[in-house]
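Tertiary structure, described
Chain by chain, the residues:
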Amino acid sequence: MTLNMINKLAITFFIFLFCCRFCFAQSSKNQEPISIINDWSSQIVLAHITGNILNSVGYKTKYSFSTINEQWGSLSQGIDHVQIEVWEGTMATMFERVIKSGYVIDAGSHQATTREEWRYPTYVEQLCPGLPDWRALKKCSALFSIDGSNTGRYVAGPWEKSEAARIRTLGLNFEIDTVKQADDLWLELKSAIKQNSAIVLFNRSPNWVEAVYEGKFVEFPEYHIDCEIDPKWGINPEFHYDCGNPKNCYLKKAVWSGLEDKWLCAFEIIKNINFDNQNISKVDYKKLGYDEAAKQWLNENRSTWHQWIPARCKVGNKLHG
């Protein structure tokens, strides 16, 4: 064997070793689970739907509890990888900040639009004529009291909101009762409906509640950005927040910036995932549990989510990343 042949064999061998090392690295990389954030009810169900879709093409997934305030740090650091429900009304400021940082990527919008506002069961309109106009609450505050006083009770969710400022600015005779966790809101609602009593509480749309319990949002003065920054704007020239919350807000998806390089097919699938209001609202996790509700949706909507998977990413084809 000549020296030239030995050199060629050595080069070939080293190329083979490099390729095997690269393939092993890629294979090992794909075995690491993709961490999907879940916190509140609709997000938990959508997280499980997303996880099941990723599982169907060979990825491992896990679910991570992370609050609204904590999730941006975990996404930025690659501790968690996917947030499937970014609500404009609650999360826009931090979302836009981490997008600018480059550590988190905007993975596109759902067709669904969102709203977060005070809501009441429809029958309350018979008890408090004038609703949904907010001014009716001034006349009917005693109806919403639980201690026989004239001060109404507004049941708030466990999220930081400008509710106290709005109550003061609009002169509403209401006090805020904040629940410890989101599901407590629905317990309060169910209890009030059972007794046919008046209740006004925080709710968001899309949400399964609107598909199960008929109700309406309170219509406060239309939102404008100046409502938050210029006290002279609006009906009360002395204070901010004399308006309602924004309507028709976005519902987006966010991913860790390294997701595309590490799990390309997962990144493309997540970009394609697209829920509308009806699809989110009709998922009643209360009867089935989060995972079962997700599986039911997947079984009933196969043609929809199959279209979210690029052809080259489906089982039987090469998984890219």
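Heads up: these notes are all about the structure in this document. (Residues numbered from 1 in each chain as written. Predicted model: local features only at pLDDT ≥ 70, side-chain atom pairs only at ≥ 80, totals over all residues. Heavy atoms only, no water.)

1. Considerations on unusual backbone geometry
Of the consecutive residues Leu 131 and Pro 132, the connecting peptide bond is found in the cis state with omega at 15°. Within the fold, Pro 132 resides in the loop between helix H5 (124-127) and helix H6 (136-140). Phi at Tyr 241 is positive, roughly 65°, even though this residue is not glycine. Structurally, Tyr 241 is set in the loop between helix H10 (226-229) and strand E9 (249-256). (Helix = DSSP H or I, 4+ residues; strand = E, 2+ residues; numbered from the N terminus.)

2. A look at helix H2 (residues 41-56)
Between the first and last C-alpha of H2 there are 23 Å, a value that for 16 residues agrees with the 22 Å anticipated at 1.5 Å per step. By the criterion of burial, H2 is predominantly enclosed, with 13 of the 16 residues buried. After H2 finishes, the residue Gly 58 shows a positive phi value of roughly 110°. (Expected span 1.5 Å × (residues − 1). Buried < 20%, exposed > 50% of the residue type's maximum accessible area, 1.4 Å probe, protein only.)

3. Focus on the packing of aromatic side chains
Evaluated as defined, the whole model comprises 12 aromatic pairs. Taking 6.0 Å as the distance between ring centres and 50° as the angle between the ring planes, the aromatic pair formed by Trp 72 and Phe 95 counts as tilted. Of the two residues, Trp 72 sits in helix H3 (residues 71-76) while Phe 95 sits in helix H4 (residues 88-101), which places them 23 residues apart along the sequence. Like Trp 72, the residue Phe 95 is buried in the burial classification. Geometrically, the ring pair formed by Trp 297 and Trp 308 is stacked, given 5.9 Å between the ring centres and 15° between the ring planes. (Phe/Tyr/Trp six-rings, centres within 6.5 Å; stacked < 30°, edge-to-face > 60°.)

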